[in-house]
Amino acid sequence: MFAKPFLGALDGHIDGVYSMARKPGVLNLIASGAGDGGIIVHDLPTRTKLLRFPAAHKGVVSGLCFTDDGRILSCGVDRLVKLWDAKTTSDGDGLVDDEEARVTRESLATFSGSTAFNAIDHHRSDQLFATGSDVVHIWDENKSSPISTLSFPTSTENITALKFNWSESSVLATTGTDRTFTLYDIRTAKAERRLVLNFRCNALSWNPTFPTRVLLASEDHNLYTFDIRNLSKPTAAYRGHVAAVMCCDWSPTGDEFASGGWDRTLRIWRDQERTSRDIYHGKRMQRIFCTTYTNDSRFILTGSDDGNVRMWKARASERLGVTHGRDESARLYRDKLREQWKHDAEVGRINRRRYLPKSVYRAAQTKTEMIRARQDREGRLRESGAKEGEVKTEISKVVIQEQE
């Protein structure tokens, strides 16, 4: 309760941070893209800028991802996708590691589209990547035009997020502005499943250890997990945000995830619990548009529209630096005590208590009153003999229909 999870801010951007990506297999590198078109590669231990591309795009950098060999793919509202060399001499085989070379690098390749790009993701094993605009394009790194186009026949959507599956890498999940969630197979270039949801989803993330589960961040202030083997309704709903959820990311361990939203809070959730484990906020932190874990699951990074990338501890009370065996034993003992006595009234109250900004606290109270009023109204409908199917549970209202 009294721990300080905030570690520091990574500055350098002069506009809001709207996209981030972590480098696979590396603990210390993170890339961020801003509304001014700049891209920065940060070194987390030293909190320095390894690389800067100050005018990578004209306008917002809407998507970032790393390739398998360490290069960066970026897309923006200027209808361009660019491939960048992100290696330095610290990698052993990079370019000259001086200040001028860090800023003046040119893109390795440029891919142009007809409309603004909103999202990008790289294939897990092949030299392919996908972009989302009004349709989904599949590109080859060695070709200047898309090799295939994925769309639904009756779709009028703009893609808001897309991700390749961790296990079945030919499966691509997308969310759109017309409240849809779609699963594509890039081998057949067809939409395999398509759901129409109650509200629009702003982000999605695949579970790295349970590849059939996908997490959606919704405009209705909630997060939902779906099992793609049965999409009739969500497997779980996570409630707590008091405004639209803009981003989400699974921990590499797959047992918890982080989300950020319009309410200017970062929330950490356990997979098996429906309420957030921790809530992080700051006086100067504004609305959060992107979040990601580091590859060791110890830290969380957030990008907000105040121009800062903030670094947080995934566990607020964790000690940093060198720890001895007895320190680890003491931590495990405290965790076990907390788990054993969590059902005690006083211990549970202290364990659950989190201090929130007044605006968030009051909005949560108002939202709770509205939910209780709706539940009372539905209870009266059941008591009055409403027909079966007229009164649905909250989780059953999420999916409106599945389109064929």
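Q: Can you help me understand the overall build of the chain in this one?
A: Along its length, the chain carries four helices and 29 strands. For 404 residues, the compact-globule estimate of 2.2 N^0.38 gives 22 Å, and the C-alpha radius of gyration of the chain, at 22 Å, lies within 12% of that figure. Burial analysis of the chain (404 residues in total) assigns 48% to the buried set. Pairs at least 24 apart in sequence give 47% of the contacts found in the chain among residues at least 6 apart. Put simply, the chain shows about 20,100 Å² of open surface, and 49% of that area lies on carbon and sulfur atoms. Positive and negative side-chain charges of the chain, numbering 60 and 54 respectively, have mean locations separated by a distance of 7 Å.

Q: I keep staring at helix α4 (residues 358-383) and nothing clicks. Help me out?
A: Within an α-helix, residues lying three or four positions from one another point in the same direction, as the helix has 3.6 residues per turn. Taking 1.5 Å of rise per residue, 26 residues should cover 38 Å, and α4 covers 38 Å from first to last C-alpha, within 8% of that figure. Among the residues of α4, Val-360, Lys-367 and Glu-378 are the ones counted as buried. In the core, the buried residues of α4 are packed alongside β20 (222-227) and β24 (266-270). Gly-385, located one to two residues past α4, shows a positive phi value of around 90°.

Q: Is there a simple way to explain the pairing of strand β28 (residues 309-313) in this structure?
A: Two faces belong to every sheet, and in a regular strand the side chains alternate between them. Counting buried positions along β28 yields five of five residues, so the element is predominantly enclosed. Side chains of β28 alternate between two faces, with Val-309, Met-311 and Lys-313 and Arg-310 and Trp-312 buried alike. Sheet topology note: the strand β1 (residues 6-10)/β28 ladder contains four bridges and is antiparallel. Bridging across to β28, Phe-6 finds its partner in Trp-312. Note: strand β27 (residues 299-304) against β28, five bridges, orientation antiparallel. By the bridge assignment, Phe-299 is partnered in β28 with Lys-313. A loop of four residues connects β27 with β28, the two strands running antiparallel in sequence, and Gly-307 in this loop sits at a positive phi of about 90°.

Q: What is the right way to read the sheet that holds strand β10 (residues 119-122) from this model?
A: Taken in spatial order, the four strands line up as β10-β11-β12-β13 in an open sheet, and their pairing is antiparallel. One side of each edge strand has no neighbouring strand; the edge strands of this open sheet are β10 and β13 (148-150). Between one strand and the next, the sheet's axes are offset by a mean angle of 20°, whatever the strand orientation. Bridging between strand β11 (residues 128-132) and strand β12 (residues 136-140) involves five bridges; their strand directions are antiparallel. The residue bridging Leu-128 from the neighbouring strand is Asp-140, located in β12.

Q: Would you mind going over a nonpolar patch on the surface with me for this structure?
A: Taken together, the side chains of Tyr-333, Leu-337 and Trp-341 define a hydrophobic patch exposed on the protein surface, amounting to about 340 Å² of accessible area. Residue position: Leu-337 is located in helix α2 (residues 325-340).

Q: What is the right way to read the packing of aromatic side chains from this model?
A: For any pair of aromatic rings, the description consists of the separation of the ring centres together with the inter-plane angle of the planes. For the structure on display, the rule yields 14 aromatic pairs. A ring pair is formed by Tyr-238 and Phe-257, whose centres lie 5.0 Å apart and whose planes are at 85°; its orientation type is edge-to-face. With Tyr-238 in strand β21 (residues 236-239) and Phe-257 in strand β23 (residues 256-261), the pair connects residues that are 19 residues apart, well separated along the chain. On the accessibility criterion, Tyr-238 (0% relative accessible area) is buried. An aromatic cluster is built from Phe-111, Phe-117, Phe-129 and Trp-139, whose rings are joined through pairwise contacts.

Q: Where do I start with the side chain of Asp-271 in this structure?
A: Considering the arrangement of structural elements, one finds Asp-271 in the loop between β24 and β25 (276-280). The exposure class assigned to Asp-271 is buried, which follows from its relative accessible area of 10%. At a separation of 2.9 Å, a polar atom in the side chain of Asp-271 contacts the side chain of Arg-213. A distance of 3.4 Å separates polar atoms of two side chains, one belonging to Asp-271 and the other to Gln-272. Those residues within four positions of Asp-271 in sequence are excluded, and the remaining contacts are Arg-213, Tyr-238, Trp-250, Gly-254, Asp-255 and Glu-256.

Q: Before we go on, may I ask you to explain the sheet that holds strand β5 (residues 48-53) in this structure?
A: Within a sheet, each strand pairs with its neighbour through backbone hydrogen bonds, oriented either parallel or antiparallel. Here we have four strands laid out as an open sheet, ordered β2-β3-β4-β5, and antiparallel in their pairing. The sheet is open, and its two edges are formed by β2 (17-22) and β5, each paired on a single side. Looking at each pair of strands side by side, their axes are set apart by 25° on average, direction ignored. In this structure, strand β3 (residues 29-34) lies alongside strand β4 (residues 39-43), joined through five bridges in antiparallel fashion. Bridged to Ser-32 within β4 is Ile-40.

Q: Explanation requested: the nonpolar core in the structure shown.
A: Burial of nonpolar side chains together is a common tendency in soluble globular proteins. Of all hydrophobic cores here, the largest spans 19 residues; its most connected members are Phe-181, Leu-183, Leu-197, Trp-206, Val-214, Leu-216 and Phe-226. Among the secondary structure elements, those contributing two or more residues to this core are β15 (171-176), β16 (180-185), β17 (190-197), β18 (201-206), β19 (213-218) and β20. Of all the elements, β18 adds the most residues to this core, at three residues. Counting residues in hydrophobic clusters, the runner-up holds 15 residues, among them Ile-39, Ala-56, Phe-66 and Trp-84.

Each value, and the rule that gives it
Residues numbered from 1 in each chain as written. Predicted model: local features only at pLDDT ≥ 70, side-chain atom pairs only at ≥ 80, totals over all residues. Heavy atoms only, no water. Helix = DSSP H or I, 4+ residues; strand = E, 2+ residues; numbered from the N terminus. Rg over C-alpha atoms; globule rule 2.2 N^0.38 Å. Buried < 20%, exposed > 50% of the residue type's maximum accessible area, 1.4 Å probe, protein only. Contact = heavy atoms within 4.5 Å. Areas by Shrake-Rupley, 256 points an atom, 1.4 Å probe, with all protein chains shown as cover. Lys, Arg positive; Asp, Glu negative; His and termini not counted. Charge placed at Lys NZ, Arg CZ, Asp CG, Glu CD. Expected span 1.5 Å × (residues − 1). Pairing = 2+ DSSP bridges. Axes fitted to C-alpha atoms, helices over the stretch in contact; angles between N-to-C directions. Patch = residues over 30% accessible without salt bridge, like charges linked within 9 Å, V, L, I, M, F, W, Y side chains within 5 Å. Salt bridge = Lys/Arg side-chain N within 4 Å of Asp/Glu carboxyl O. Phe/Tyr/Trp six-rings, centres within 6.5 Å; stacked < 30°, edge-to-face > 60°. Polar contact = N/O pair within 3.5 Å; in protein donor to acceptor, adjacent residues only side chain to side chain. Core = buried A, V, L, I, M, F, W, Y, C linked by side-chain atoms within 4.5 Å.

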